[in-house]
Amino acid sequence: DSPTDVPTLAPNTQPVWETIGFNGFEKEDGSGECDLNDWVDPGADAKVIENRWNNVHSGNCAVRIQDDSRTSMVTSDLFNVTDYDTLKVIFWYKPKRMTESTEEFHLYVSRDGGSSYALEHTWTDSQTGATSNTSEFTNNIYQEGIVDDIDVTNATEVSIRFVCNGDTNSDRVFIDDVAMEAM
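Residues numbered from 1 in each chain as written. Predicted model: local features only at pLDDT ≥ 70, side-chain atom pairs only at ≥ 80, totals over all residues. Heavy atoms only, no water.

Enquirer: Pulling in residues and values, what's your account of the pattern of salt bridges?
Expert: Applying the stated criterion across every chain yields a total of three salt bridges. For Glu181, the salt bridge goes to Lys88, with nearest N and O atoms at 3.7 Å. Residue Glu181 is found in strand S12 (residues 172-182), and its partner Lys88 is found in strand S6 (residues 86-96); the two are separated by 93 residues along the sequence. Looking at Glu181, the relative accessible area reads 16%, which means it is buried. A relative accessible area of 14% places Lys88 in the buried class. Note that Glu120 and Arg111 form a salt bridge whose closest N and O atoms lie 2.9 Å from each other. Owing to a relative accessible area of 31%, Arg111 belongs among the partly exposed residues under this scheme. (Salt bridge = Lys/Arg side-chain N within 4 Å of Asp/Glu carboxyl O. Helix = DSSP H or I, 4+ residues; strand = E, 2+ residues; numbered from the N terminus. Buried < 20%, exposed > 50% of the residue type's maximum accessible area, 1.4 Å probe, protein only.)

What follows is the structure, encoded as structure tokens:
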């Protein structure tokens, strides 16, 4: 007549991604003014822009990278990943006039606190000779970019960098709503 203890089984659960960083390139005070929010802009070929000509995904601001000079990039601040093994980057991008087969843009990741960066993914207008870490884009429309399964097992601080590889200053990529998630 005594009740029998029946073990309860936990339901199947998916891993939970935690947002460790987000940048929509608006000031965090809610004013709607544009700001890099601690991201690094190295010079003339990277710029925070206001919403003109529909080059912003949401809000009022985005970042624009152009050309292929040493200043054709934007770099995030550092994020602590000590308690995580995997990083995911989700963002929105709009290529403009990136029509030559050599024109592309890249995501680089630093796993050593910003000392060095390794290529993680490439977006291009042409899939000729594409590899598994390459995606094709369409010019003049915003598209979602997702790069997941970035191994950060032995890292303590990571940073991401977007780099443009266009032929001229007219070859541009607009980037907005960048989220970094980890688990």
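Moving on from the coordinates now.
Enquirer: Tell me about the pairing of strand S7 (residues 104-110), and please be specific about residues and values.
Expert: Of all seven residues in S7, six are buried; the element is thus mostly enclosed. Sheet topology places S7 next to strand S8 (residues 118-124); six bridges connect them, and they run antiparallel. Bridging from a neighbouring strand, Val109 pairs with Ala118 of S8. Summarising the sheet, S7 and strand S11 (residues 157-165) pair through seven bridges and their orientation is antiparallel. Paired with Tyr108 across the strands is Arg161, a residue of S11. (Pairing = 2+ DSSP bridges.)

Enquirer: Describe the environment of Ser58, and please don't skip the residues or the numbers.
Expert: Within the secondary structure, Ser58 sits in the loop between strand S2 (46-50) and strand S3 (61-66). Overall, Ser58 belongs to the partly exposed group, its relative accessible area being 30%. When residues no more than four places from it in sequence are discounted, the contact partners of Ser58 are Glu26, Asp176 and Asp177. Among the polar contacts listed, one links the side chain of Ser58 to the side chain of Asp177, at a separation of 2.5 Å. (Contact = heavy atoms within 4.5 Å. Polar contact = N/O pair within 3.5 Å; in protein donor to acceptor, adjacent residues only side chain to side chain.)

Enquirer: How would you explain the layout of surface pockets if you had to name every residue and give the values?
Expert: The space that makes up the largest pocket amounts to roughly 220 Å³. Lining the largest pocket are Lys47, Val48, Ile49, Glu50, Arg52, Trp53, Asn55, Arg64, Lys96, Arg97, Arg172 and Phe174. Looking at the lining of the largest pocket element by element, the count peaks at four residues for S2. Of the residues in the lining of the largest pocket, the class split is four nonpolar, one polar and seven charged. (1 Å grid on protein atoms, 1.4 Å probe; cavity = no way out; pocket = protein on both sides within 12 Å on 5 of 7 lines; lining within 4 Å. Points joined across faces, edges and corners; volume = space filled by probe spheres on them. Nonpolar A, V, L, I, M, F, W, Y, C, P; charged D, E, K, R; others polar.)

Enquirer: Let's hear about the state of the cysteines: which residues, and what values?
Expert: Throughout the structure, instances matching the rule amount to one disulfide. A disulfide bridge connects Cys34 with Cys61, and the sulfur atoms are separated by 2.0 Å. The sign of the S-S torsion, about -85°, decides the handedness of the disulfide formed by Cys34 and Cys61: left-handed. One end of the pair, Cys34, is in the loop between strand S1 (18-23) and S2; the other, Cys61, is in strand S3, and 27 residues separate them in sequence. (Disulfide = S-S within 2.5 Å.)

Scope: geometric values only; no functional claims are made or implied.
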